[in-house]
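# Structural overview
Each chain, written out:
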Amino acid sequence: MDWGNVTAEDLIDALREVDWSSPPRPLPEFFSRFTVPRSYAKWNSRLKCNLYYYRTNYFIMIVVILGLGFLRSPVAILAAMLTALSIAFLNDSFAGTFSEKVTRTVRQFSPHLAAKMRPPLTPVIRGRPSAKRTIHICGRPRWVFVFIFSSVSFILWYVSCGLLTLLWALAIALLVTILHASFRTPNLKARLNTFREEFRAVWRNYSEL
């Protein structure tokens, strides 16, 4: 796959739709080999490939850096957790898995309430959905939960007076992520794993037709 032809929008869509439940890559592999890219095209391709392949590692690293910046402020830690959760809701796989687990837990105590938390059915015409599938969480559109968690986290950031610290910690986390993705040499395993996930996605799209 030529990552140089992949646009930033395509990369964001892939990160939103891909399954994030896979465990992070081993640390020896994550810190194994670093080289300087030979050209801008090589750097651009390497950056996109590593952001996609090591996505779970980068997410954990950003959360850890943010957590270290707020060790003395429990309110800020709670705000960081809510912020991370609201961002995670933007991923289709995480949102669906979260909704399913919450609904399954509620069903043990109140089957009637769990029935109301099911997502609405999409009308099907000639074997295909009549409209683009909308992601629901506990029976509500995803944007409702993203808005609620983002609003609460912003209020907690304001109360804890940690907005400036948040900006510094986030800037450091993003800088470390970009530096690692820029100098970490993509290995053959990363390319083969990317091809395998792409094949699964294409196969899933064909099977839905």
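The rules behind each value
Residues numbered from 1 in each chain as written. Predicted model: local features only at pLDDT ≥ 70, side-chain atom pairs only at ≥ 80, totals over all residues. Heavy atoms only, no water. Helix = DSSP H or I, 4+ residues; strand = E, 2+ residues; numbered from the N terminus. Buried < 20%, exposed > 50% of the residue type's maximum accessible area, 1.4 Å probe, protein only. Areas by Shrake-Rupley, 256 points an atom, 1.4 Å probe, with all protein chains shown as cover. Axes fitted to C-alpha atoms, helices over the stretch in contact; angles between N-to-C directions. Parallel < 35°, antiparallel > 145°, perpendicular 65-115°, else oblique. Left-handed = near helix turned anticlockwise from the far one by under 90°. Contact = heavy atoms within 4.5 Å. Nonpolar A, V, L, I, M, F, W, Y, C, P; charged D, E, K, R; others polar. Patch = residues over 30% accessible without salt bridge, like charges linked within 9 Å, V, L, I, M, F, W, Y side chains within 5 Å. Salt bridge = Lys/Arg side-chain N within 4 Å of Asp/Glu carboxyl O. UniProt positions renumbered as here; feature names shortened; annotations may be inferred. Core = buried A, V, L, I, M, F, W, Y, C linked by side-chain atoms within 4.5 Å. Expected span 1.5 Å × (residues − 1).

Now for the overall build of the protein chain. Scanning the protein chain from N- to C-terminus turns up 10 helices and 4 strands. In the protein chain, the succession of α and β elements from N to C terminus is α-α-α-α-α-α-α-β-β-β-β-α-α-α. Of all 209 residues assigned to the protein chain, the portion counted as buried reaches 34%. Just so you have it, the protein chain exposes about 14100 Å², and 68% of that area is on carbon and sulfur atoms.

Attention now goes to the packing of helix α4 (residues 55-68) against helix α9 (residues 163-183). Taken N-terminus to C-terminus, the directions of α4 and α9 make an angle of 150°; their axes are 9 Å apart at the nearest point. On the basis of the axis angle, α4 is roughly antiparallel to α9. The way α4 lies across α9 gives a crossing that is right-handed. Note on element contacts: α9 touches α4 through Leu166, Ala169, Leu170, Ile172, Ala173, Leu174, Val176, Thr177, His180 and Ala181, opposite Tyr58, Met61, Ile62, Ile65 and Leu66. Residues belonging to the contact of α4 with α9 are distributed by class as follows: 13 nonpolar, 2 polar and no charged.

What follows concerns the packing of helix α5 (residues 74-88) against helix α8 (residues 142-160). For the pair α5 and α8, the least separation of the axes is 8 Å and the interaxial angle reads 155°. As far as their axial angle goes, α8 and α5 are roughly antiparallel. Pair α5 / α8 crosses with left-handed handedness. Contacts from Val75, Ala76, Leu78, Ala79, Ala80, Leu82, Thr83, Leu85 and Ser86 of α5 reach α8 at Val146, Phe149, Ser150, Val152, Ser153, Leu156, Trp157 and Ser160. When grouped by side-chain class, the residues that make up the contact of α5 with α8 number 12 nonpolar, 5 polar and no charged.

This part is about a nonpolar patch on the surface. Residues Leu27, Phe31, Phe34, Val36, Leu175, Leu179 and Phe183 make up a contiguous nonpolar surface patch of roughly 690 Å² in combined accessible area. Element by element, the count of residues in the nonpolar patch is highest for α9, at 3 residues. Considering the arrangement of structural elements, one finds leucine 27 in helix α2 (residues 27-30).

As annotated in UniProt, the feature "transmembrane region" (unreviewed entry) corresponds to residues 52-71, 77-98, 143-160 and 166-183 in the numbering used here. The span residues 52-71 is 80% helix and 0% strand, and its two end C-alpha atoms sit 29 Å from each other. Taken end to end, residues 143-160 comprises 100% helix and 0% strand; its first and last C-alpha atoms sit 25 Å apart.

This model, assessed by the stated rule, comprises 2 salt bridges. Note that arginine 142 and aspartate 92 form a salt bridge whose closest N and O atoms lie 2.7 Å from each other. Taken as a pair, arginine 142 in helix α8 and aspartate 92 in helix α6 (residues 92-107) lie far apart in primary sequence, 50 residues in all. Overall, the relative accessible area of 16% leaves aspartate 92 in the buried class.

Let us now look at the nonpolar core. Membership of the largest hydrophobic core comes to 20 residues, with the highest contact counts inside it found for Tyr54, Tyr58, Leu66, Phe70, Trp157 and Leu166. When residues of this core are traced back to their parent elements, those giving at least two are α3 (40-53), α4, α5, α8 and α9. The dominant element in this core, judged by the number of residues it contributes, is α4, at 5 residues. Counting residues in each nonpolar core, the second largest holds 10 residues, with Phe89, Met117, Ile135 and Phe145 among its members.

This part is about α3. For α3, built from 14 residues, the straight-helix expectation of 20 Å at 1.5 Å per residue is met to within 8% by its first-to-last C-alpha distance of 20 Å. Turning to α3, its buried residues are Asn44, Ser45, Arg46, Leu47, Lys48, Cys49, Asn50, Tyr52 and Tyr53.

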